[in-house]
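Coordinates in review
Below, each chain spelled out in residue letters.
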Amino acid sequence: MQYKKLAQLYEDLSSTTKRLEKIEILSKFLSYLSKEDRDVMYLLEGMIYPEYDDRKIGISNQLAIKAISKATGIEPKQVTKEWKSIGDLGEVSKKLMQNKKQSTLHSHVLTTEKVLENLRKLPGLEGKGTVDKKIGLITELLTSASSIEAQYLVRTLIGDLRIGVQESTIREAMSSAFFDRNGKSSEIIQKAIDKANDLAIVFDIAKKGKLKELEKVSLEIGKPIKAMLAQKATSFKEGFEKVGKPCAVEYKYDGFRMIIHKRGKEVFLFTRMLENVTKQFPEVVEYILEYVKGNSFILDSEAVGFNKKTKEYTDFQAISQRIRRKYDISKLQKELPIEVNVFDVLYYNGKSTLDEPFEKRTKLLRKILKDHPYKIIASKMIITDDEKEADKFYKKALDDNQEGVMMKSLSADYRPGRRVGNMVKMKPEERDLDLVITGAEYGTGKRSGWLSSFILSCGGEKKGEYLEIGKVGTGIAEKDNEITFESLTELLTPLITKEKGKNAEIKPKIVVSVTYQEIQRSPNYNSGWALRFPRFTALRPDKPLKEIADLKEVSEAFNNQKRNWRFG
Ligand code: ATP
């Protein structure tokens, strides 16, 4: 397919903010998209493979600038200058290509196959000469691109497509293109997306127009799926209202999500970000092979750290380095041991169990897993319809250094990637939010050379919109905290998009948890809110950007704090 057509689609989609219009535009496009062009579905979301695939494009702004410079013959310095004034590298390349194209007519027609072919070579490049090879592959595309094509190519390269298409829009567009859009087909498409986790596969089947075939899409061992997420409840009464009575009440462990796949002797471990972390946790592979019955299965769990001497549970931050660290694994394994707390079964011996009620899944889990404390256990759980009993269990969880409890509907199915109300979390009223860093200021004196004060933002109403809510400079460099000025500066520098004096604008990517004393209404920040005395508590590499607190969550937190003042 000509890349021109895709670029035009991007243009059309970004020309409207109305969801229904986007669905219509996309639906038309999809009905013409041929089977051979199914991988265009990845490009639609700015990717080259399905989301779970580790092979990402990963081109920095600096590298993109070099490629733009090479393709246009304009000095990198000049490109950078344009970028600082326009603020969007996509726009910059559009402008510079426009100027260039007036003098030289481009000869090649750019196709989506060629774009995918070159972009897919990028992640595999290693060793000497990598940078030049990357620039070469990108320049080849840019020189045959029109100015609009260049704009979207560059945005794709740097991971900032800005067309405002969510998965739900794609789902509705498929439903409309292939099945006369209705609730039933939407639901079946969504379930197929949840299980396949791959839009090209779902598109391929949907295009045939047979819902029955879509219903047959199943989970696959070794292919990560998104974890089901929880809503919040502020009281047991509210919790029971949401999930029904009786319900399961489980410890809410303070660790990180681990989804475990097994087939024969093969084990795969994935995080909530769909990253494969099998190599980092060899002991978990052992536990799975030894202590869980079954030829093939997928389990959902939380890995929790504990102190190797006192055996007390530790908090998430204490073990977070185990997720990332790729060396000294056996040393780390001894220093920072973990216990796997399993709470669900999503697939068992060749069949998906997603559509079974939770009660049945948890029974199966307890049948196939033999508890080995400090290695692997089924999560602590009671089934109750009584608020007092639930509260007693909740206090026990807190005494055990855990975060609180989860309340789960006994009859609910498992919905990958959804935050539906059949699982709610109950935690003590604490003042903390997950936010993203969007700006920073260089320090002075002792802190000169380091970024030392950080602007935090929450999610706005539109996808990709981030609104400032506070500034933080404390909580850093304290005992047992891996957040230091050095580490943050190192992490954030490649993400700087603009600098003015001491201030830097930062591409929203780094998610952090912060505590604060109070939320206030404020005209000083564009969110309309301000945090009083915010402090960093943790980096959240396990949390995707789309799950940071949004305006709704901030205003809920504000209302909760008011309610608590009133009632003591
Ligand atoms: P928080 O910041 O409160 O941990 P979150 O936004 O990271 O929440 P939520 O989906 O809101 O994630 O809370 C549920 C998380 O709690 C799950 O992602 C999982 O990692 C963890 N968890 C701990 N214990 C359990 C359990 N028994 N059942 C389900 N999830 C659990």
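Below: a short report on this structure. This structure is a prediction, so every number in the text was calculated from the model and none was measured. (Residues numbered from 1 in each chain as written. Predicted model: local features only at pLDDT ≥ 70, side-chain atom pairs only at ≥ 80, totals over all residues. Heavy atoms only, no water.)

A few points about the overall build of the protein chain
Helices and strands together make up the secondary structure of the protein chain, namely 22 helices and 20 strands. Over its C-alpha trace the protein chain gives a radius of gyration of 25 Å, about what one expects of a compact globule, namely 24 Å for 568 residues. By its C-alpha atoms, the protein chain is 75 × 65 × 50 Å across when sized along the principal axes. Scored against the burial criterion, the 568 residues of the protein chain give a buried share of 52%. (Helix = DSSP H or I, 4+ residues; strand = E, 2+ residues; numbered from the N terminus. Rg over C-alpha atoms; globule rule 2.2 N^0.38 Å. Buried < 20%, exposed > 50% of the residue type's maximum accessible area, 1.4 Å probe, protein only.)

Some remarks on the pattern of salt bridges
In this structure the tally under the stated criterion is 43 salt bridges. The salt bridge partner of Lys242 is Glu238, with a shortest N-O separation of 3.5 Å. Within this pair, Lys242 and its partner Glu238 are both found in helix 14 (residues 236-243), separated by 4 residues, close to a single helical turn. The class of Glu238 is partly exposed, set by a relative accessible area of 25%. Of the charged contacts, one joins Glu403 and Lys252 as a salt bridge, the two residues approaching to 2.7 Å between their closest N and O atoms. Of the two residues, Glu403 sits in the loop between helix 20 (387-399) and strand 10 (404-409) while Lys252 sits in strand 2 (residues 247-252), which places them 151 residues apart along the sequence. Take Glu403: its relative accessible area is 23%, and that puts it in the partly exposed class. A single salt-bridge network, built from bridges that share partners, covers Lys35, Arg38, Asp39, Arg120 and Asp204. (Salt bridge = Lys/Arg side-chain N within 4 Å of Asp/Glu carboxyl O.)

Points about the layout of surface pockets
By volume, the second largest pocket amounts to about 220 Å³. In terms of lining, the second largest pocket is formed by Met1, Lys5, Gln8, Leu9, Asp12, Ile25, Lys28, Phe29, Tyr32, Leu33, Ser34 and Asp37. Of all the elements in the fold, those that place two or more residues in the lining of the second largest pocket are helix 1 (3-14) and helix 2 (19-32). A breakdown of the residues in the lining of the second largest pocket according to their chemical character gives 6 nonpolar, 2 polar and 4 charged. (1 Å grid on protein atoms, 1.4 Å probe; cavity = no way out; pocket = protein on both sides within 12 Å on 5 of 7 lines; lining within 4 Å. Points joined across faces, edges and corners; volume = space filled by probe spheres on them. Nonpolar A, V, L, I, M, F, W, Y, C, P; charged D, E, K, R; others polar.)

Brief notes about empty space enclosed by the protein
The full count for this structure, using the stated rule, is 3 cavities of 30 Å³ or more. The computed volume of the largest cavity comes to approximately 50 Å³. Taken together, the elements giving at least two residues each to the lining of the largest cavity come down to helix 19 (358-368) and strand 10. Partitioned by chemical class, the residues of the lining of the largest cavity number 4 nonpolar, 2 polar and 4 charged.

Points about the sheet that holds strand 11 (residues 423-426)
The strand order across the open sheet built from 5 strands is 1-11-10-2-9, with neighbouring strands paired in mixed fashion. Edge positions in the open sheet fall to strand 1 (231-232) and strand 9 (381-384), since each of these has one partner strand only. Across 4 bridges, the pairing between strand 10 and strand 11 is antiparallel. Among the inter-strand pairings, Met407 is bridged to a residue of strand 11, identified as Val424. (Pairing = 2+ DSSP bridges.)

Brief notes about the packing of aromatic side chains
Using the criterion set out here, one finds 12 aromatic pairs in the structure. With a centroid separation of 6.3 Å and an interplanar angle of 25°, the aromatic rings of Tyr287 and Tyr291 are classed as stacked. One end of the pair is Tyr287 and the other is Tyr291, both in helix 15 (residues 282-291) and 4 residues apart, which spans about a single turn. We classify Tyr287 as buried; its relative accessible area is 11%. Pairwise contacts between aromatic rings join Tyr251, Tyr253, Tyr313 and Phe393 into one cluster. If you follow Lys245 out to its NZ or CZ, it ends over the ring of Phe240, 5.3 Å from the centre. (Phe/Tyr/Trp six-rings, centres within 6.5 Å; stacked < 30°, edge-to-face > 60°. Lys NZ or Arg CZ within 6 Å of the ring centre and 35° of its normal.)

Observations concerning the environment of Asn526
Its location among the elements puts Asn526 in the loop between strand 18 (518-521) and strand 19 (529-532). Each C-alpha atom, one on Asn526 and one on Ser146, is 36 Å from the other, the two residues being 380 residues apart in sequence. Apart from residues no more than four positions distant in its own chain, Asn526 is found in contact with Leu467 and Glu468. A polar contact is formed between the side chain of Asn526 and the backbone nitrogen of Glu468, at a distance of 2.6 Å. (Contact = heavy atoms within 4.5 Å. Polar contact = N/O pair within 3.5 Å; in protein donor to acceptor, adjacent residues only side chain to side chain.)

Observations concerning helix 19
Every buried residue belonging to helix 19 is among Phe358, Arg361, Thr362, Leu364, Leu365 and Ile368, and all of these are buried. Along the long axis of helix 19, the arc covered by the buried residues comes to 155°, so they all point the same way. In helix 19, those exposed residues whose orientation departs by more than 90 degrees from the buried face are Lys360, Lys363 and Lys367. (Arc of directions from axis to C-beta.)

Considering the site of the ligand
Close to the ligand lie 19 residues; Arg257, Glu302, Lys425, Lys427 and Lys543 are nearest. Lys543 is positioned such that a nitrogen or oxygen atom in its side chain is 2.6 Å from an oxygen atom of the ligand. Burial of the ligand by the protein chains amounts to 94% of its free accessible area of 600 Å². For the shell around the ligand, the residue count by class is 6 nonpolar, no polar and 13 charged. (Near = heavy atom within 4 Å. Areas by Shrake-Rupley, 256 points an atom, 1.4 Å probe, with all protein chains shown as cover.)

Some details on the environment of Ser69
In this fold, Ser69 is placed in helix 4 (residues 61-72). A sequence separation of 424 residues divides Ser69 from Thr493, and the C-alpha atoms of the two residues are 22 Å apart.

Focus: unusual backbone geometry
Residue Pro246 follows Lys245 across a cis peptide bond; omega there is -15°. Mapping Pro246 onto the fold places it in the loop between helix 14 and strand 2. Although it is not a glycine, Lys311 adopts a positive phi angle of roughly 70°. With respect to the helices, strands and loops of the structure, Lys311 is situated in the loop between strand 5 (296-305) and helix 16 (316-319). For Lys311, a relative accessible area of 38% corresponds to the partly exposed category. If you check the backbone angles, Asn401 has positive phi at about 65° while not being a glycine. Structurally, Asn401 is set in the loop between helix 20 and strand 10. Relative accessible area serves as the criterion here: at 38%, Asn401 is assigned to the partly exposed category.

A word on the pairing of strand 15 (residues 496-500)
Here is the key point about a regular strand: its side chains alternate between the two faces of the sheet. As paired elements, strand 15 and strand 16 (residues 503-506) share 4 bridges and run antiparallel to each other. Bridge pairing in strand 16 links Ile496 to Ile506. Hairpin geometry of strand 15 and strand 16 is characterised by an intervening segment of 2 residues between the two adjacent antiparallel strands and by a positive phi of about 55° at Gly501.

Here we look at helix 21 (residues 485-492)
Among all positions of helix 21, only Phe485, Leu488, Thr489 and Leu492 are buried. One side of helix 21 holds all its buried residues, which, seen down the axis, span an arc of 100°. Those residues of helix 21 that are buried are in contact with strand 12 (432-442), strand 13 (451-459), strand 15, strand 16 and strand 20 (535-539).

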